[in-house]
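# What the coordinates show
Chain residues, written in single-letter form:
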Amino acid sequence: MGDTKKDMSNTIVIRPKKTFSWRDLRELWLYRELAYFFTWRDFKVRYKQTAIGVIWAIIQPFLTMVVFAVFFGQLAKMPSDNVPYPIFVYVGLLFWQFFSSALSDTSNALIANQSIITKVYFPRLILPISSVMGKFIDFAIAAVVLVGMMIYYGYAPNISGLLILPLLLIISFMASVGGGLFLSAINVKYRDVRYALPFFIQILLFVTPVIYPASIAGKYSKILALNPMMGVIQSARAALLGTGPVNWTLITTSIIGSLIILIIGIYVFKKTERYFADVI
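This text gives an overview of the structure that appears in the document. (Residues numbered from 1 in each chain as written. Predicted model: local features only at pLDDT ≥ 70, side-chain atom pairs only at ≥ 80, totals over all residues. Heavy atoms only, no water.)

### A closer look at the overall build of the protein
Formally: Numbered from the N terminus, helices here are DSSP runs of H or I no shorter than four residues, and strands are runs of E no shorter than two. Each residue is placed in one exposure class: buried if its accessible area under a 1.4 Å probe, protein chains only, is under 20% of its type's maximum, exposed if it is over 50%, and partly exposed if it falls in between.
The helix and strand inventory of the protein stands at 15 helices and 0 strands. By the burial criterion, 45% of the 280 residues in the protein qualify as buried.

In structure tokens, the structure reads:
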């Protein structure tokens with residue numbers, strides 16, 4: 001009986017908090033090696049047993065660019081701010097591919113790892129975050145094509161243009177993580193997310209200036225600016241292709257918008273975290 005009491009007194013009960021705190025940040029740092037493992041595992045699994053491996057990270061945005069260049073650039077004569085349409089749309093696709101693929105994978109991160117969630121404790125926030133971290137590798141690989149296109153079309157970005165790219169990636173990261181946390185938490189209970197999300201991403205593509213310049217939106221441009229990816233893509237084109245001056249007001253709006261999405265995502269995720277192992 002005494003041993004039982006001793007064992008019971010040494011039992012540690014882990015209860016997730018409903019709000020995000022510094023403790024969560026400390027745990028994320030302590031489990032950083034696990035986050036690295038998940039990131040590298042997801043990257044390897046994604047291209048495992050494929051004939052061309054990581055080249056898919058280049059082929060997907062490149063072939064999409066070719067299709068858009070033919071149908072929207074050549075046939076529809078879509079304006080491109082006096083920039084050759086192929087490179088104009090590829091810059092947009094580069095950041096859009098990062099955001100959309102990260103959002104899609106993050107929303108399914110908990111379901112894909114349900115066997116681990118129900119058996120071992122670790123900060124659940126690691127799973128969605130590591131899903132997005134792997135997209136930085138895809139972005140870097142796909143950016144090689146952009147470098148080649150810039151050389152071909154004779155575009156040389158200035159130093160300030162290159163310095164703004166990390167900021168734009170951070171905005172994209174916050175927006176995709178925030179949206180992914182929100183959707184992954186809902187996806188645990190309602191599996192409708194897997195059917196609704198592809199449709200939502202497809203619609204969002206056409207309300208984001210990926211295949212067209214933001215200038216043609218006219219009076220609706222302020223509404224479109226509520227989408228953080230609009231500021232990211234428009235600023236990337238301004239910095240890399242010189243389509244106009246970098247609009248810092250638009251960038252600030254994108255930062256605020258992505259922060260709001262991130263805060264909402266973390267709040268919903270932490271609010272429902274304690275039920276993940278039971279419901280999943």
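### A few points about the pattern of salt bridges
Threshold: Whenever a carboxyl oxygen of Asp or Glu lies within 4 Å of a side-chain nitrogen of Lys or Arg, that contact is scored as a salt bridge.
Taken as a whole and assessed by the stated rule, the structure comprises 2 salt bridges. Of the charged contacts in the structure, one is a salt bridge between Asp42 and Arg41, with a shortest N-O distance of 2.9 Å. Residue Lys135 is joined to Asp105 by a salt bridge in which the shortest nitrogen-to-oxygen separation is 2.5 Å. Remark: Asp105 occurs in helix α5 (residues 85-107) and Lys135 occurs in helix α8 (residues 126-153); sequence separation between them is 30 residues. Judged by its relative accessible area of 32%, Asp105 falls in the partly exposed class.

### Details of the packing of aromatic side chains
For clarity, the cut-off: Between rings of Phe, Tyr and Trp, where Trp is taken as its six-membered ring, a pair exists when centres lie within 6.5 Å; planes separated by under 30 degrees are stacked, by over 60 edge-to-face, and by other angles tilted.
The tally for this structure, following the rule as stated, stands at 11 aromatic pairs. Aromatic pair Phe37 and Phe38: ring centres 5.8 Å apart, planes at 55°, arrangement tilted. Judged by relative accessible area, Phe37 falls into the partly exposed class, the value being 46%. You can call Phe38 buried: its relative accessible area is 3%. Taking the centre distance of 5.6 Å and the plane angle of 45° together, the rings of Trp96 and Phe99 count as tilted. Separated by 3 residues within a single helix, Trp96 and Phe99 lie in helix α5, roughly one turn from each other.

### Some remarks on the nonpolar core
Spelled out, the test is: As used here, the term nonpolar core means buried Ala, Val, Leu, Ile, Met, Phe, Trp, Tyr and Cys residues forming a set that is joined through side-chain atoms within 4.5 Å.
Counting 74 residues, the largest nonpolar core has Tyr90, Phe95 and Leu146 as its most contacted members. In terms of residue count, α5 provides more of this core than any other element does, 14 residues in total.

### Comments concerning the side chain of Thr208
Our working definition: We define a polar contact as two N or O atoms separated by no more than 3.5 Å, with the added condition that, inside protein, one atom must be a possible hydrogen donor and the other a possible acceptor, whereas residues neighbouring each other in sequence contribute only through side-chain atom pairs. Pairs of residues are marked as contacts when any of their non-hydrogen atoms sit within 4.5 Å.
Within the element layout of this structure, Thr208 appears in the loop between α11 (193-206) and α12 (221-224). From its side chain, Thr208 meets the backbone oxygen of Leu204 in a polar contact 2.7 Å long. Residues in contact with Thr208, not counting those within four places in the same chain, are Trp96, Asn227, Met229, Met230 and Ile233.

### Some thoughts on the side chain of Ser184
As for its placement among the helices and strands, Ser184 is situated in helix α10 (residues 165-189). With a relative accessible area of 0%, Ser184 lands in the buried category. When residues no more than four places from it in sequence are discounted, the contact partners of Ser184 are Thr106, Ser107, Leu110, Pro128 and Phe269.

### Overview of the packing of helix α13 (residues 228-241) against helix α14 (residues 248-272)
Threshold: The axes are straight lines fitted to the C-alpha atoms, using for helices just the contacting stretch, and the angles between their N-to-C directions are given from 0 to 180°. When an angle is under 35 degrees it counts as roughly parallel; over 145 it counts as roughly antiparallel; between 65 and 115 it counts as roughly perpendicular; any other value is oblique. Helix crossings are classified by the rotation of the near helix relative to the far one: an anticlockwise turn of less than a right angle makes the crossing left-handed, while a clockwise turn makes it right-handed.
Where α13 contacts α14, the two axes come as close as 7 Å, and the packing angle between them is 140°. Classified by the angle their axes make, α13 and α14 are oblique. Crossing of α13 over α14 shows left-handed handedness. Contacts between α13 and α14 pair Pro228, Met230, Gly231, Val232, Gln234 and Ser235 from the former with Leu250, Ile251, Ser254, Gly257, Ser258 and Ile261 from the latter.

### Focus on a nonpolar patch on the surface
As a reminder of what qualifies: Exposure above 30% relative accessible area and no salt bridge define the residues that can form patches, which grow by joining like charges within 9 Å and nonpolar side chains of Val, Leu, Ile, Met, Phe, Trp and Tyr within 5 Å. Note on areas: Shrake-Rupley with a 1.4 Å probe; residue coverage comes only from the protein chains shown.
Together, Phe62, Leu63, Val66, Val67, Val70, Phe71 and Leu75 line one region of the surface with nonpolar side chains, adding up to about 620 Å² of accessible area. Along the chain, Val67 turns up in helix α4 (residues 56-75). Owing to a relative accessible area of 42%, Val67 belongs among the partly exposed residues under this scheme.

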